[in-house]
Amino acid sequence: MLGPDDPSPVIVTNPGGSSPFLLLGDHAGRLTPQRLGDLGLPPEAWLRHIAWDIGVAGVGERLAAALDAPFIRQAYSRLVIDCNRVPGAADSSPEISDGHAIPGNAGLSETDLAARRDEIYAPYQDRISQALDERKRLGRRTLLVSLHSFTPVFQGFVRPWRFGVLHRGDSDLSRRVLSSLREAFGEAAGDNQPYSMDQIDNTIPLHADARGLDYLELEMRQDLIAEPAGQDEVATIVAGLLRQAL
């Protein structure tokens, strides 16, 4: 599916970073393969949360520099294939997202879905596995930090949270970061808000569970990080929280 002029699905910043944190960005990109064009969507759709996690790439790059941490992110849009969904899930390549039809995803064949999985999803998850294998070989401690962002208003509901920590009650890192966020922002720091970590999530369970790693899945409100100044501010806050959590 990917042609010779299509970018790699995986972008890695600071691969040799010495930090115990390994930063991940499942939805940080919004590219589509040339073969798929714009999936039948107008240009403005690609600026919205349905296409990507707004601001995550910028925050992740800043955190990578501040913490000396590797940052592995997906280059392609979640509308092509969602790397935080188990392949084959109904919303892995959604036909509808937040009420918007995705014409280029209508009636995909098993061959179509397999190409997206093999050429976009798999290289991303494999690169994370390779990084974890290498860190283990070097005897480095690893804490997974999956970065996401959420829209301030969803289906008419104004979300009151600035940040959210998604977890299953099994993460010391999540507990410590949530406690610090609550001290700083009170109820604007959501405990399993605006989403909860459940069977839908894929990347953290895929890698953390098999290796016994602690993790943080951090949600950031998109209006706070849509612009570079906000990304600077939030990255400074999050870097401080992660250092404290160590």
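This text goes with the structure placed above it.
In this text, all values refer to a predicted model and were calculated from it rather than measured experimentally.

Enquirer: What is the right way to read the overall build of the protein from this model?
Expert: Across its full length, the protein carries six helices and 11 strands. Relative to the compact-globule value of 18 Å for 246 residues, the protein shows a C-alpha radius of gyration of 17 Å, a close match. For the protein, the spread of C-alpha atoms along the principal axes amounts to about 45 × 45 × 35 Å. Put simply, the protein has 246 residues, and 52% of those count as buried. By element, 52% of the accessible surface of the protein is carried by carbon and sulfur atoms, the whole surface being about 10800 Å². One finds the centroid of the 24 positive side-chain charges in the protein at a distance of 5 Å from the centroid of its 34 negative side-chain charges.

Enquirer: Honestly, the packing of aromatic side chains in this entry has me stumped. Any pointers?
Expert: Between two aromatic rings, the relevant description is the distance of the centres plus the angle of the planes. Scanning the model with the defined rule gives two aromatic pairs in all. Relative to Phe185, the ring of Phe163 lies with its centre 5.3 Å away and its plane at 45°, an arrangement referred to as tilted. Taken together, the positions of Phe163 in strand β9 (residues 163-166) and Phe185 in helix α3 (residues 172-185) put the pair 22 residues apart, joining distant regions of the chain. The ring of Trp52 carries the charged tip of Arg30 above its face, separated from the ring centre by 4.1 Å.

Enquirer: Explain helix α2 (residues 110-137) to me, please; I cannot follow it from the model alone.
Expert: Since there are 3.6 residues in each turn of an α-helix, residues three or four apart along the chain are aligned in direction. The largest bend in α2 is about 40°, located at Ala122, with the proline Pro123 one to four residues further on. Here α2 has its buried residues at Ala114, Ala115, Arg116, Ile120, Tyr121, Tyr124, Gln125, Ile128, Ala131, Leu132 and Arg135. The elements touched by buried residues of α2 are β1 (10-13), β2 (21-25), β3 (71-74), β6 (143-150) and α4 (203-211). Of the residues one or two after α2, Gly139 is the one with positive phi, at around 75°.

Enquirer: It is not clear to me how the layout of surface pockets should be interpreted in this structure. Could you clarify?
Expert: A water-sized probe, rolled over the atoms, reveals where empty space remains. Considering only enclosed or pocket space, the largest pocket measures out at about 620 Å³ in volume. Considering the residues around the largest pocket, the lining is formed by 29 residues, among which Arg78, Asp82, Arg85, Asp91 and Tyr195 are closest to the centre. Broken down by secondary-structure element, the contributors of at least two residues to the lining of the largest pocket are β4 (96-97), β6 and β11 (215-221). Looking at the lining of the largest pocket residue by residue, the classes come out as nine nonpolar, nine polar and 11 charged. Approximately 200 Å³ is the volume attributed to the second largest pocket.

Enquirer: Just checking my understanding: could you explain the pairing of β6 for this structure?
Expert: Every regular strand shows the same layout, with side chains that alternate between the two sheet faces. Burial of β6 is extensive: eight of the eight residues sit out of reach of the surface. Here β6 shows two buried faces, one formed by Leu143, Val145, Leu147 and Ser149 and the other by Leu144, Ser146, His148 and Phe150. Pairing between β2 and β6: four bridges, direction parallel. By the bridge assignment for β6, Phe21 is matched with Leu143. Direction of pairing for β6 relative to β11: parallel, over a ladder of seven bridges. Bridge assignment links Ser149 to a residue of β11, and that residue is Met220.

Enquirer: Hey, could you run me through the pairing of β2 in this one?
Expert: Counting buried positions over the five residues of β2 gives five, a clear majority of the element. Summarising the sheet, β2 and β3 pair through three bridges and their orientation is parallel. Residue pairing in the sheet places Leu23 in a bridge with Phe71 of β3. Following the backbone out of β2, through helix α1 (residues 56-67) and into the adjacent parallel β3, one traces a crossover that is right-handed.

What counts, and where the lines are drawn
- Residues numbered from 1 in each chain as written.
- Predicted model: local features only at pLDDT ≥ 70, side-chain atom pairs only at ≥ 80, totals over all residues.
- Heavy atoms only, no water.
- Helix = DSSP H or I, 4+ residues; strand = E, 2+ residues; numbered from the N terminus.
- Rg over C-alpha atoms; globule rule 2.2 N^0.38 Å.
- Buried < 20%, exposed > 50% of the residue type's maximum accessible area, 1.4 Å probe, protein only.
- Areas by Shrake-Rupley, 256 points an atom, 1.4 Å probe, with all protein chains shown as cover.
- Lys, Arg positive; Asp, Glu negative; His and termini not counted.
- Charge placed at Lys NZ, Arg CZ, Asp CG, Glu CD.
- Phe/Tyr/Trp six-rings, centres within 6.5 Å; stacked < 30°, edge-to-face > 60°.
- Lys NZ or Arg CZ within 6 Å of the ring centre and 35° of its normal.
- Bend = angle between axes of the 7 residues up to and from the residue.
- Contact = heavy atoms within 4.5 Å.
- 1 Å grid on protein atoms, 1.4 Å probe; cavity = no way out; pocket = protein on both sides within 12 Å on 5 of 7 lines; lining within 4 Å.
- Points joined across faces, edges and corners; volume = space filled by probe spheres on them.
- Nonpolar A, V, L, I, M, F, W, Y, C, P; charged D, E, K, R; others polar.
- Pairing = 2+ DSSP bridges.
- Right-handed = clockwise from strand over helix to strand, strands pointing away.

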